[in-house]
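Observations on the three-dimensional arrangement
One letter stands for each residue in the lines below.
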Amino acid sequence: FIRLIIFRNFLLIILINMKILSAKTKILLGMIFTLMICLMFAGCSNSDTTSDSRGFTDFEHIEEEYLATIDSLNWPDGVELPKKLENEDTGASFQVGYGETRASNLWEYSWMKEWLDTYNTNPERAEKALEELEKAFDMPYMGKDRCDDATRNYLRENIDKAKLGDPSGFRECIDVNY
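The structure reproduced in this document is the subject of the present report. Remember, predicted model here, so these are calculated numbers, not experimental data.

We now examine the overall build of the protein. Along the protein, the regular secondary structure elements total seven helices and two strands. Reading the helices (α) and strands (β) of the protein from amino to carboxyl end gives α-α-β-α-β-α-α-α-α. Counting only contacts in the protein whose residues sit at least 6 apart along the sequence, the fraction spanning at least 24 positions is 66%. Element-wise, carbon and sulfur atoms account for 56% of the exposed surface of the protein, whose accessible area totals about 11,900 Å².

Dropping the structure here:
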């Protein structure tokens, strides 16, 4: 609001003095006026300051996020879960949510592997694996801010193949990504 008052006063001064200014001065003032309008709109932008905004943090916070996510997810019987986040540069900066995404990728891999290990021998466990994988589309790691449409479609196609008894999608995904 204060910016608008200052801008209004500046504009009034310019208008009052326009009658006595040279053409060069008027051009210069026009450029200044245009720059001020641009800066005013840039300064009035609506920045995302909610608790959901995703800034950057250090390894320790990402590892805490990773382990908390692991604890919150449902896992196939017999899966040995990691006690720490490995294969990351402990001195690097990470985007908030990275630990959750890494844990969710491990979860996805574990349920794909569960289906591959059981679809021929234990239909109930295989069905449970597919039910769990269906939950992925409602999880943050598959949200529009972290995952593109092609990746979501790829998982959808692989789940649909598995429902028809075709293991090729899960096998390819595991071979390529894990």
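Let's shift gears to the pattern of salt bridges. Side chains that differ in charge, positive against negative, can pair when their charged atoms come close. A full pass over the atoms with the stated rule returns 11 salt bridges. For the salt bridge of Lys 113 with Asp 117, the shortest nitrogen-to-oxygen distance reads 3.2 Å. In this pair, Lys 113 and Asp 117 are both assigned in helix α4 (residues 98–118), four residues apart and thus about one turn of the helix distant. Judged by its relative accessible area of 34%, Lys 113 falls in the partly exposed class.

Given two aromatic rings, one states the distance between the centres and the angle between the planes to describe the pair. Counting across every chain of the model gives five aromatic pairs. Residues Tyr 109 and Tyr 178 carry aromatic rings whose centres are separated by 5.0 Å and whose planes lie at 45 degrees to one another, so their mutual orientation is tilted. Of the two residues, Tyr 109 sits in helix α4 while Tyr 178 sits in the segment after α7 (168–177), which places them 69 residues apart along the sequence. Looking at Tyr 109, the relative accessible area reads 24%, which means it is partly exposed. Exposure remark for Tyr 178: the relative accessible area of 42% places this residue in the partly exposed category.

With that settled, the discussion passes to the environment of Leu 85. Turning to its location among the elements, Leu 85 is positioned in the loop between α3 (59–72) and β2 (94–95). Those residues within four positions of Leu 85 in sequence are excluded, and the remaining contacts are Phe 59, Ile 62, Glu 63, Tyr 66 and Arg 102.

At a closest axis distance of 10 Å, the pairing of α4 and α7 adopts a crossing angle of 135 degrees. With respect to α7, the axis of α4 lies oblique. The crossing of α4 and α7 is left-handed. Of the residues in α7, those touching α4 at Glu 108, Tyr 109, Met 112, Lys 113, Trp 115 and Leu 116 are Phe 170, Arg 171, Cys 173 and Ile 174.

Reading guide: rules and limits
Residues numbered from 1 in each chain as written. Predicted model: local features only at pLDDT ≥ 70, side-chain atom pairs only at ≥ 80, totals over all residues. Heavy atoms only, no water. Helix = DSSP H or I, 4+ residues; strand = E, 2+ residues; numbered from the N terminus. Contact = heavy atoms within 4.5 Å. Areas by Shrake-Rupley, 256 points an atom, 1.4 Å probe, with all protein chains shown as cover. Salt bridge = Lys/Arg side-chain N within 4 Å of Asp/Glu carboxyl O. Buried < 20%, exposed > 50% of the residue type's maximum accessible area, 1.4 Å probe, protein only. Phe/Tyr/Trp six-rings, centres within 6.5 Å; stacked < 30°, edge-to-face > 60°. Axes fitted to C-alpha atoms, helices over the stretch in contact; angles between N-to-C directions. Parallel < 35°, antiparallel > 145°, perpendicular 65-115°, else oblique. Left-handed = near helix turned anticlockwise from the far one by under 90°.

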